[in-house]
Each structure stands twice: as structure tokens, then as C-alpha cells.
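As a plain string of letters, each chain reads:
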Amino acid sequence: MTDLPPVPFRNPRARHGFKSRTCSVTGVGSYVPSRILTNDELSRMVDTNDEWITTRTGIRERRIAAADEATSDLAAKAAVRALEFANVTADQVDLIIVATITPDMLFPSVACLVQERIGARKAAAFDLEAACSGFIYALEVGQQFIMSHTYDTVLVIGAEKLSSIIDWTDRNTCVLFGDGAGAVVLQSRPRSHGLLTACMGADGSKAGILCMPGGGSRIPASSDSVASRLHFLRMDGRETFKNAVLAMCTAANEALQRCDLSIDQIQCIIPHQANRRIIEAVAERLQAPPDRVFVNLDRYGNTSAASVAIALDEVVRSGRVKTGDLLLLLVFGAGLTWGAAVIQW
Ligand code: ACO
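This structure is a prediction, so every number in the text was calculated from the model and none was measured. (Residues numbered from 1 in each chain as written. Predicted model: local features only at pLDDT ≥ 70, side-chain atom pairs only at ≥ 80, totals over all residues. Heavy atoms only, no water.)

Caption draft 1: View of the sheet that holds strand β12 (residues 326–333). With mixed pairing, four strands are arranged side by side in an open sheet as β8-β13-β12-β11. In this open sheet, the two edge strands, each paired with only one partner strand, are β8 (195–202) and β11 (268–271). Across the sheet, the axes of successive neighbouring strands diverge by a mean angle of 10°, strand direction being ignored. Here β8 pairs with strand β13 (residues 337–344) via seven bridges, running antiparallel. For G201, the partnering residue across the bridge sits in β13 and is W338. (Pairing = 2+ DSSP bridges. Helix = DSSP H or I, 4+ residues; strand = E, 2+ residues; numbered from the N terminus. Axes fitted to C-alpha atoms, helices over the stretch in contact; angles between N-to-C directions.)

Caption draft 2: View of the side chain of D179. Structurally, the position occupied by D179 is in strand β7 (residues 179–187). Of the side chains with opposite charge, K161 lies nearest to the buried D179, which makes no salt bridge, at 6.1 Å. Within the structure, the side chain of D179 is placed 2.8 Å from the backbone nitrogen of L162, a separation counted as a polar contact. Leaving out residues up to four positions away in the same chain, D179 has contacts with V32, P33, R63, I64, A65, L74, E160, K161, L162, S163 and T303. (Buried < 20%, exposed > 50% of the residue type's maximum accessible area, 1.4 Å probe, protein only. Lys, Arg positive; Asp, Glu negative; His and termini not counted. Salt bridge = Lys/Arg side-chain N within 4 Å of Asp/Glu carboxyl O. Polar contact = N/O pair within 3.5 Å; in protein donor to acceptor, adjacent residues only side chain to side chain. Contact = heavy atoms within 4.5 Å.)

Caption draft 3: Local environment of the sheet that holds strand β1 (residues 24–31). Spatially, the five strands line up as an open sheet ordered β1-β7-β6-β4-β5, and their pairing is mixed. Two strands bound the open sheet, and with one partner strand each, they are β1 and β5 (124–128). Across this sheet, the average inter-strand angle for adjacent strands is 15°, counted without regard to direction. Strands in contact with helix α3 (residues 71–86) are β1, β6 (153–161) and β7; relative to β1, the strand with the most contacts, it is inclined by about 135°.

Caption draft 4: Inspection of the site of the ligand at higher detail. Lining the immediate environment of the ligand, one finds 26 residues, of which T48, R56, C132, R238 and N275 sit closest. Contact distances for the ligand include 3.1 Å between an oxygen atom and a backbone N or O atom of A334. Calculation on the ligand without its partners gives an accessible area of 1000 Å², and the protein chains cover 79% of this total. Of all elements in the fold, only α2 (50–57), α6 (171–174), α8 (237–258) and α9 (276–286) reach the threshold of two or more residues within the shell around the ligand. Tallying contributions element by element places α8 first for the shell around the ligand, with four residues. Residues that form the shell around the ligand fall into these classes: 13 nonpolar, eight polar and five charged. (Near = heavy atom within 4 Å. Areas by Shrake-Rupley, 256 points an atom, 1.4 Å probe, with all protein chains shown as cover. Nonpolar A, V, L, I, M, F, W, Y, C, P; charged D, E, K, R; others polar.)

What follows is the structure, encoded as C-alpha cells:
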């Protein structure tokens, strides 16, 4: 591959002496379970209806994993597809990072289970938890290993079986989420483009607005914790909404500024798929043309750490981006956490 023509932006990595190595996304893949749960089906489970869900969220249906399908199963399938795309064999993988809030079990990590499943014998493996922001956090961590010459091939996966922590009697939350996984392969390529920057942020003072209180060291599982429904996701929707818009706009502006880019130079914006109204508010504040904003939440709902990874796979495989195009990824989630990444495809 020959070098691309010069582009009118600055690679912020160069400032830190990393100019000699870049980090490219060489493979993308995703997997969603086959079972579709529609809004009409949900309206037979809780007091809701298709009209409310569609107008308030934009979600029409979501995928639900089978009872015997865990997060590592979804993750492994997405990983295999990303490796095939990149033309990389599993035994070439040096490191696997899985972003998830729904691991198969507290330990060992999903990443270790995926390592065994796909046969990535030499790979180191660990999970990373930053809720819905996990994929960009994991991208940034993965690229650091590439840039530092520690590893040549890193598999980054966002995977969730959120249906396992949803309270199916709570209409405020159960309509919003779905299951799925997305993966990318990170490698160094001798050309100027790739992952140009990623910024991350967090505000632990707002941890309470979106959390799962039970099952950790604070409230270990007991018959009381189960009876009190503490092992389900809890969310203050309005607070989450407000913070999501603010945080994603801040992260987007920081990432663009680092690269000396303006929003109109971005060909495709891939925001976290939580709520269509959040996405529209972010696009409006950033003055981004709506036709450049990718949305697939109508089909999958909010898949947390998998959301942007699945969307990236769909954007690339649909032919919507071409070599040299600039992509802006935006995330927001529990923690609170948020982030943005700029990728030149
Ligand atoms: N069906 C029908 N009515 C409902 C439903 C439902 N599924 N859910 C809530 N309502 C009702 C409420 O009870 C309330 O009724 P009331 O006025 O009688 O009290 C009314 O609808 C309005 O409720 P609001 O909370 O004000 O509705 P809002 O327009 O804010 O939409 C929503 C709620 C969709 C949750 C929105 O606030 C949202 O999307 N928040 C952000 C969620 C998010 O981004 N999460 C991302 C992070 S997830 C992670 O990190 C794991």
C-alpha cells in the first residue's frame, strides 16, 4: 500500500515522539444473536407500547442471546470475523482486550475465554470495564501497546449480554438494551492513517445515576440482595440523557481539536447507540450534517460496549467509508465515562 496524499490535519501522536509507528484498524467484525425481541412483544411483558418506545428512543427491536449463549460466545464470533477481515490468524494475535460489563462470570475474564475459543495461544488477555464507553477505552489501551512496539497485533472486542442484567419488569430500562458484540484488529501499517487520537473522560461523582448495585464486594450476592433486585441495571434516565449529550459533545470537540479538524471534515460520525434523541441533540450541537451520523439503534437498541464496535463494522462493510475518510467515534456510559476517537480509514 502506498502512502496516502498529505491531509490537512495534524497527527497528535507525532508530538509525543511516536511518529515512527502508526496504529491502524485492519479488521472489523460483529455478531448479534438471531433472536429478535420487538417492541410489540415487550408491550406484552410490561406496560409500554411501540409508539412510546419508538418516539422516545428510536428503538424498534433488539437482539437477545439464547439462554446457553454467554458474552464470550458473542465476543468470539465477532473476533473470528474481524480476524478474517484482517487476514490474520488467531495465533498471530499478541493481546486480546474485551470491554464488557456483562462478563460470563466475575473471573476469569471474558478475554481469556475468547483466547481459548479462537485458539489465540500466544495472546495475553484481559477485560476492561468502562460500561458503554468501554470500546473506545479499549481502543486507546490497545493502540498504546502497538505504538510502544510492545505488540504487533491486538484484538479489541466490545461484547455484552445485557439481557442477563436487565430487570424485565422495569419498563424504564428493559426497552432500551440488547445483546451483541463487535471487534477490531489493531496493527501497525506503514502509512499515515489509522487511529489518530482517542480521548477519554470520567466523573465518579455521578456513579449512582447508572449502576448495578449488587454482586460486587460492596453488596455480595445474598437472598436479600436478590429479593431487593440489586443484581439488575438501574438508571436515572433523565440525568443520564443530559450528561450523555454534554459529555459526547465535549469529547468530540477535544478529539477534533487535537487533530486540527473541523466537524465538516468528518465523513462519518458513529455515536454510542443509546437513544435517537441523544444522537440528534449531539449532532445538532456539533453542527454535524445528519446524513453523516450513523444510526443502527432501531435494530439493536443499546448494546453498551458493543454498540460503537457493531456500528463500525456495519459502516465499513456497507461500503459507506472509503480509504482516507475520517471517522469520529463517540461514547458515553456508566461511571460516568465518555470518550471520542478519530480514525482515518
Ligand atoms: N413505556 C411507557 N412509558 C414509559 C416507559 C416505557 N417503556 N418508560 C418510562 N415511561 C414513562 C415514565 O414512567 C414517565 O411517566 P410519568 O410522567 O407518568 O412519570 C414518562 O414515561 C416519561 O419518563 P421520562 O423518564 O421523562 O422519559 P424520557 O423522555 O426522559 O425517556 C429514556 C426516558 C428513554 C430512558 C431517556 O431518558 C434516555 O434515553 N436516557 C438515557 C439512557 C442512556 O443513554 N443510557 C446510556 C448509558 S447505558 C450504560 O452505560 C450501561
